[in-house]
Amino acid sequence: MDNYTPQWMDEDLAILRDAVRRFYENEFVPQSDAWIEQGKIDREAWLQAGEAGLLCAEIPTEYGGGGGDYRHDTVIQEEALRTGVVGFGNQVHSTIVAPYVLNYGTEEQKQRWLPKMASGEAVGAIAMTEPNTGSDLQNVRTTAIRDGDEYVINGAKTYITNGQHAGLVIVVAKTDPSEGAKGISLIVVEDTDKGFAKGRNLKKLGHHAADTSELFFDDCRVPVDRRLGVEEGKGFYQLMQQLPQERLSIAQGGVASMERAIDLTVDFVKERKAFGQTVFDFQNTKFKLAECKTEALIARTFVDQCVVWHMQGELDATRASMAKYWATEKQGEVIDQCLQLHGGAGYMDEYEISRLYADARVQRIYGGTNEIMKELISRSL
Ligand SMILES: Cc1cc2nc3c(=O)[nH]c(=O)nc-3n(C[C@H](O)[C@H](O)[C@H](O)COP(=O)(O)OP(=O)(O)OC[C@H]3O[C@@H](n4cnc5c(N)ncnc54)[C@H](O)[C@@H]3O)c2cc1C
């Protein structure tokens, strides 16, 4: 947006951003329609992304990653949104799943999964939500009961991003069903494990190229060493440690989408004519876009400050929740306004703004609903 540069951006990141943009524009954007049509991206696209160095940018090179930090992943994520890439679940893969393995995995687990994730050979997913439990994470019903050297997993998960392509899934399960949060552990299930089945690729309001699935575990036996973390019962704590990064990443996606919507709308209204002038020439249009641009920049500066705090190890749950809540609410409002300025075209699939509008809606729901964000923020009052 104009010449604003985030304070966390440096020359190397700017070079990365330009290279990633070219990659997306040449390789992924031309496939948008086909991917939307089939309800998921091509499996090969993950390998292509791995080859281009777009996966696991914050994972150390010794595990096949890019050797960068969160900022590298975020540059890669934001460019996808700015160039209009659809369905690429890299945010979940690189910014959420890979850091769990890196932060809580044993050396053996890191060697087993991270290089495959960095190359795109294995796609990562994380399965918290269940048909009967979403926000109330402590009450998941999926169980992983120990039997000798194995866990026997039973239960069902739903709305899982990357579910169809997933080669490994971090499953949130109760290793001690008699406990609440203290009974939860994170167990990695691989797609070849017996008793694990992928269900439907769910049809949804937006994000048509992103696969979102049901997953089923029916006496699925995995070795005990699939648990992340040396002790049982630490899963909830691990989730709480990692969720600020996930929420920050959603907030950044919200801002990038707003910026994309404003750019598209400015182009559109400067071309479109009504009453002998361009739509841009109406004072209402200019004022509405002025409001949108102001709100997007306010959101951007706060979210960028959160990135700085995150890099300093100071992004707490409260501020991460504020960023996720605020940026995604503004995303909804700004994109709605931008669609309005498109007139009927804004409602048509062939105009990107309609897709941005549909895609924006879920931002207030996943990663913890915005009501839950306010609940978390209110605890600091
Ligand atoms: C496209 C998409 C992708 C997703 N990807 C994943 C994924 O990869 N992995 C995963 O595990 N999950 C994923 N989810 C699930 C998502 O995280 C949940 O839908 C979300 O956390 C809300 O849970 P729920 O659907 O059970 O809603 P519920 O928890 O049933 O909430 C229903 C309503 O009640 C409100 N509510 C609930 N509790 C409170 C409270 N204490 N105070 C006030 N209001 C409350 C909620 O805010 C909401 O408005 C995805 C969802 C979608 C739509």
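All values derive from a computational prediction rather than experimental measurement.

Further remarks concern the overall build of the protein. When you go through the protein residue by residue, the secondary structure sums to eleven helices and ten strands. The C-alpha atoms of the protein give a radius of gyration of 21 Å, which matches the 21 Å a tight globule of 381 residues would have. The C-alpha extent of the protein, read off along each of the three principal axes, is 80 × 50 × 40 Å.

Let's shift gears to the site of the ligand. Within the structure, the ligand sits among 21 residues, and Met128, Gly134, Ser135, Thr369 and Glu371 are positioned closest to it. Elements with a contribution of two residues or more to the shell around the ligand: strand S1 (123-127), strand S3 (150-161) and helix H11 (370-378). Across the shell around the ligand, the residue classes break down as ten nonpolar, eight polar and three charged. Residues from two domains meet in the shell around the ligand; each of domain 2 (125-232) and domain 3 (237-378) gives at least three.

To continue, consider the domain arrangement of the protein. Splitting the protein by domain gives domain 1 (11-121), domain 2 (125-232) and domain 3 (237-378). Using only C-alpha atoms to locate each centre, domain 1 and domain 3 end up separated by 22 Å. Listed by contribution, the elements that provide at least two residues to the side of domain 1 that touches domain 3 are helix H4 (70-83) and helix H5 (90-104). With seven residues, the single largest contributor to the side of domain 1 that touches domain 3 is H4. Among the residues forming the side of domain 1 that touches domain 3, the class breakdown is six nonpolar, five polar and four charged.

What follows concerns the pairing of strand S7 (residues 212-223). Across nine bridges, the pairing between S3 and S7 is antiparallel. Looking at S7, one finds that glutamate 150 is bridged to proline 223.

With that settled, consider the environment of valine 29. One can find valine 29 in the loop between helix H1 (11-28) and helix H2 (32-38). Overall, valine 29 belongs to the partly exposed group, with 14 C-beta atoms counted inside 10 Å. The contact partners of valine 29, leaving out residues within four places of it in the chain, are Tyr24, Thr83, Gly84 and Val85.

Right, let's talk about unusual backbone geometry for a bit. Peptide bonds are mostly trans, and most non-glycine residues show a negative phi. Phi at cysteine 56 takes a positive value of approximately 55°, unusual for a residue other than glycine. Here cysteine 56 shows up in the loop between helix H3 (43-51) and H4. We classify cysteine 56 as buried; it has 33 C-beta atoms within 10 Å. Phi is positive for tyrosine 159, close to 60°, though the residue is something other than glycine.

It is worth spelling out the environment of aspartate 219 at this point. Relative to the elements of secondary structure, aspartate 219 occurs in strand S7. With 10 C-beta atoms counted inside 10 Å, the residue aspartate 219 sits in the exposed group. Along the chain, aspartate 219 and glycine 343 lie 124 residues apart, while their C-alpha atoms are 53 Å from each other. Those residues in contact with aspartate 219 that lie beyond four places of it in its chain are Val152, Asn154 and Gly195.

Ala127, Ile153 and Ile187 are the most contacted members of the largest nonpolar core, which has 103 residues in total. In terms of residue count, helix H7 (residues 235-271) provides more of this core than any other element does, twelve residues in total.

A few words now on the environment of glutamine 305. Along the chain, glutamine 305 turns up in helix H8 (residues 283-311). Separated by 60 residues in the primary sequence, glutamine 305 and isoleucine 365 place their C-alpha atoms 23 Å from one another.

Attention shifts here to the packing of H4 against H7. Two elements in contact, H4 and H7, have axes whose closest approach is 9 Å; the angle formed by their N-to-C orientations is 35°. H7 is crossed by H4, and the crossing has right-handed handedness. Two secondary-structure elements touch here, H4 through Tyr70, Thr74, Gln77, Glu78, Leu81 and Arg82 and H7 through Gln245, Ser249, Gln252, Gly253, Ala256, Ser257, Glu259 and Arg260. Across the contact of H4 with H7, the residue classes tally to three nonpolar, seven polar and four charged.

A separate point is H3. Every buried residue belonging to H3 is among Ala45, Trp46, Ala49 and Gly50, and all of these are buried. In an axial view of H3, the angular spread of the buried residues amounts to 140°, which keeps them on one side of the axis. In H3, the exposed residues that point more than 90 degrees away from the buried face are Glu44 and Glu51. Close packing links the buried residues of H3 with H1, H5, helix H6 (107-119) and S1. Where H3 terminates, the next one or two residues include glycine 53, which has phi positive at roughly 80°.

Turning to the packing of H4 against H5, a few remarks are in order. Following both chains from N to C, one finds H4 and H5 inclined at 165°, their axes separated by 10 Å at the closest point. With respect to H5, the element H4 is oriented roughly antiparallel. In this structure, the crossing between H4 and H5 has a hand that is left-handed. Residue-level contacts link Asp73, Ile76, Gln77 and Ala80 of H4 to Asn90, Gln91, Ser94 and Thr95 of H5. Residue composition of the contact of H4 with H5, by class: two nonpolar, five polar and one charged.

What counts as what
- Residues numbered from 1 in each chain as written.
- Predicted model: local features only at pLDDT ≥ 70, side-chain atom pairs only at ≥ 80, totals over all residues.
- Helix = DSSP H or I, 4+ residues; strand = E, 2+ residues; numbered from the N terminus.
- Rg over C-alpha atoms; globule rule 2.2 N^0.38 Å.
- Near = placed C-beta within 6 Å.
- Nonpolar A, V, L, I, M, F, W, Y, C, P; charged D, E, K, R; others polar.
- Domains from an automatic or database assignment.
- Pairing = 2+ DSSP bridges.
- Buried ≥ 20, exposed ≤ 12 C-beta atoms within 10 Å, placed from the backbone.
- Contact = placed C-beta atoms within 7 Å.
- Core = buried A, V, L, I, M, F, W, Y, C linked by C-beta atoms within 7 Å.
- Axes fitted to C-alpha atoms, helices over the stretch in contact; angles between N-to-C directions.
- Left-handed = near helix turned anticlockwise from the far one by under 90°.
- Arc of directions from axis to C-beta.
- Parallel < 35°, antiparallel > 145°, perpendicular 65-115°, else oblique.

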